[in-house]
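# Analysis of the macromolecular model
The chain contents come next:
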Amino acid sequence: MQIQVHTDHNIDGHEKLAAWVTGVLEQSLGAVQDRISRIEVHLTDENGAKKNGTADMRCAIEARIEGRGPIAVTGQALTIHEAVTSASDKLARAIDHTLERITDRNADGPHRW
C-alpha cells in the first residue's frame, strides 16, 4: 500500500506530519491494507492565516482498492490531527462497507436479470 501525503503552504512540518498520517492510516485500516493499492491524502488549512475559531483544517483521503473505483472521504476539524483521525475513521468504515458488499455479492452467486 502506497501512501502519498500532500499539504498546502499553510501547514508546517510536512515530513513529520506525513509519517504520523501514515501511522494513523495503517492502524485504522488494519487487515484491509493488502486490498488497497494507493492512498492519497490532501491536508489543507482552508482559512490560512485568518484564524477565527472555525473548523478550517481539512483532510481529504482517496483510496484505491484493487479492481474497484476510488473511495473518497473528508474530515474537517479545528486541528489537523482531528481532521486526519476523522477522515481515517470514515475511510475505514467506507472500505469495510465496500468489501462487505463485494463479499455479499460473491456469496449470492451469479444473478440472472
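Above this text you will find the structure in question.
Here is what the cut-offs are and how they apply
- Residues numbered from 1 in each chain as written.
- Predicted model: local features only at pLDDT ≥ 70, side-chain atom pairs only at ≥ 80, totals over all residues.
- Heavy atoms only, no water.
- Core = buried A, V, L, I, M, F, W, Y, C linked by side-chain atoms within 4.5 Å.
- Buried < 20%, exposed > 50% of the residue type's maximum accessible area, 1.4 Å probe, protein only.
- Helix = DSSP H or I, 4+ residues; strand = E, 2+ residues; numbered from the N terminus.
- Contact = heavy atoms within 4.5 Å.
- Salt bridge = Lys/Arg side-chain N within 4 Å of Asp/Glu carboxyl O.
- Expected span 1.5 Å × (residues − 1).
- Arc of directions from axis to C-beta.

## Some points on the nonpolar core
Among the nonpolar cores identified, the biggest contains 31 residues, and Ile 39, Val 41, Leu 43, Ile 61, Leu 91 and Ile 95 are the most heavily contacted of them. For this core, the elements supplying multiple residues, two or more each, are strand S1 (2-7), helix H1 (14-29), strand S2 (36-45), strand S3 (57-65), strand S4 (70-77) and helix H2 (80-108). No other element matches the nine residues that H2 contributes to this core. When sequence neighbours within four positions are dropped, the list of residues in contact with Ile 61 reads Leu 25, Ile 39, Glu 40, Val 41, Ile 71, Ala 72, Val 73, Ala 87, Ser 88 and Leu 91.

## Points about the pattern of salt bridges
The final tally for this structure, using the stated rule, is three salt bridges. The shortest N-O distance in the salt bridge between Glu 40 and Arg 38 comes to 3.4 Å. A relative accessible area of 18% places Glu 40 in the buried class. Overall, Arg 38 belongs to the partly exposed group, its relative accessible area being 27%. A salt bridge links Glu 46 to Arg 58; the nearest nitrogen and oxygen atoms lie 3.5 Å apart. Taken together, the residues Glu 46 in the loop between S2 and S3 and Arg 58 in strand S3 connect sequence positions twelve residues apart.

## Things to note about H1
Spanning 16 residues, H1 covers 22 Å between terminal C-alpha atoms, matching the ideal 22 Å at 1.5 Å per step. Buried residues of H1: Leu 17, Ala 18, Val 21, Val 24, Leu 25 and Leu 29, and no others. All buried residues of H1 project into a common sector of 125° when viewed along the axis, lining one side. Summarising the geometry of H1, the exposed residues directed more than 90 degrees from the buried face are Glu 15, Lys 16, Ala 19 and Gln 27. Of the residues trailing H1, Gly 30 is marked for its positive phi of about 45°.

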